[in-house]
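Single-letter residue listing:
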Amino acid sequence: MSTREFAAAAVDSETEWSPGKSLVAKIIAGRSYVVTPQLVSAIAVGLDLPREIVAAAAHLQTIGYTAKELTTGAPATLLRTIGSEGSGDAKSRAVAERWDAEA
């Protein structure tokens, strides 16, 4: 999935907002961007993940968690979902692997 394809697929269902491909590229590159509720919702749709999991990922990236916080609840579910413990769905892994290769 290219950044353009992801941007087209990632649409916040409440506002119909979607990130542009340049914003998606900024996120992949680790450059500065503003996390908004619409962005979290759009990314959740684009990755076919529950919104609370994407919100936990945004929190993890933006604010950070302690090691203890990563053992239960949404943060732990996030880590399992993206594959750090060997699970995760194929679509999420494929997108993450492609973006990692492009970075």
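Residues numbered from 1 in each chain as written. Predicted model: local features only at pLDDT ≥ 70, side-chain atom pairs only at ≥ 80, totals over all residues. Heavy atoms only, no water.

## With respect to helix H3 (residues 37–47)
So, point 1. Of all the 11 residues making up H3, 8 are buried; the element is thus mostly covered by neighbouring parts of the structure.
So, point 2. Just downstream of H3, Asp48 is the residue with a positive phi angle, here 55 degrees. (Buried < 20%, exposed > 50% of the residue type's maximum accessible area, 1.4 Å probe, protein only. Helix = DSSP H or I, 4+ residues; strand = E, 2+ residues; numbered from the N terminus.)

## Thoughts on the nonpolar core
So, point 1. Counting residues in each nonpolar core, the largest one holds 18 residues, and the members touching the most others are Phe6, Val24, Ile43, Leu47, Val54 and Trp99.
So, point 2. Breaking this core down by element, the ones donating at least two residues are helix H1 (3–9), helix H2 (21–29), H3, helix H4 (51–62) and helix H6 (90–102).
So, point 3. No other element matches H3, which puts 6 residues into this core.
So, point 4. Excluding residues within four positions of it along the chain, Val54 makes contact with Val40, Ile43, Ala44 and Leu49. (Core = buried A, V, L, I, M, F, W, Y, C linked by side-chain atoms within 4.5 Å. Contact = heavy atoms within 4.5 Å.)

## Side note on H2
So, point 1. Looking only at H2, the buried set comprises Leu23, Val24, Ile27 and Ile28. The arc that holds the buried residues of H2, viewed along the axis, is 140 degrees, so those residues lie on one side.
So, point 2. Of the residues one or two after H2, Gly30 is the one with positive phi, at around 80 degrees. (Arc of directions from axis to C-beta.)

## With respect to unusual backbone geometry
Leaving glycine aside, a negative phi is the common case for residues, and trans is the common case for peptide bonds.
So, point 1. Unlike most non-glycine residues, Glu16 shows phi in positive territory, near 65 degrees.
So, point 2. Along the chain, Glu16 turns up in the loop between H1 and H2.
So, point 3. Even without being glycine, Asp48 reaches a positive phi, approximately 55 degrees.
So, point 4. Mapped onto the elements, Asp48 comes out in the loop between H3 and H4.
So, point 5. The class for Asp48 is exposed, based on a relative accessible area of 53%.

## What to know about the confidence of the model for the chain
So, point 1. Taken as a whole, the chain shows an average pLDDT of 81; of its residues, 79% reach a score of 70 or greater.
So, point 2. Model confidence for the chain, summarised as mean pLDDT per element, is weakest for helix H5 (residues 73–81) at 68 and strongest for H3 at 95. (pLDDT = per-residue confidence, 0-100.)

## Topic: the side chain of Asp12
So, point 1. Structurally, Asp12 can be placed in the loop between H1 and H2.
So, point 2. Asp12 has contacts with Trp17, Gln38, Ser41 and Ala42, leaving out every residue within four places of it along the chain.

## Describing the packing of H3 against H4
So, point 1. At a minimum axis separation of 8 Å, H3 and H4 run at an interaxial angle of 120 degrees. The orientation of H3 relative to H4 falls into the category oblique. Relative to H4, H3 is oriented so that their crossing is right-handed. Counting all contacts with H3, which are made through Pro37, Val40, Ser41, Ile43 and Ala44, the residues of H4 involved are Arg51, Val54, Ala55 and Ala58. (Axes fitted to C-alpha atoms, helices over the stretch in contact; angles between N-to-C directions. Parallel < 35°, antiparallel > 145°, perpendicular 65-115°, else oblique. Left-handed = near helix turned anticlockwise from the far one by under 90°.)

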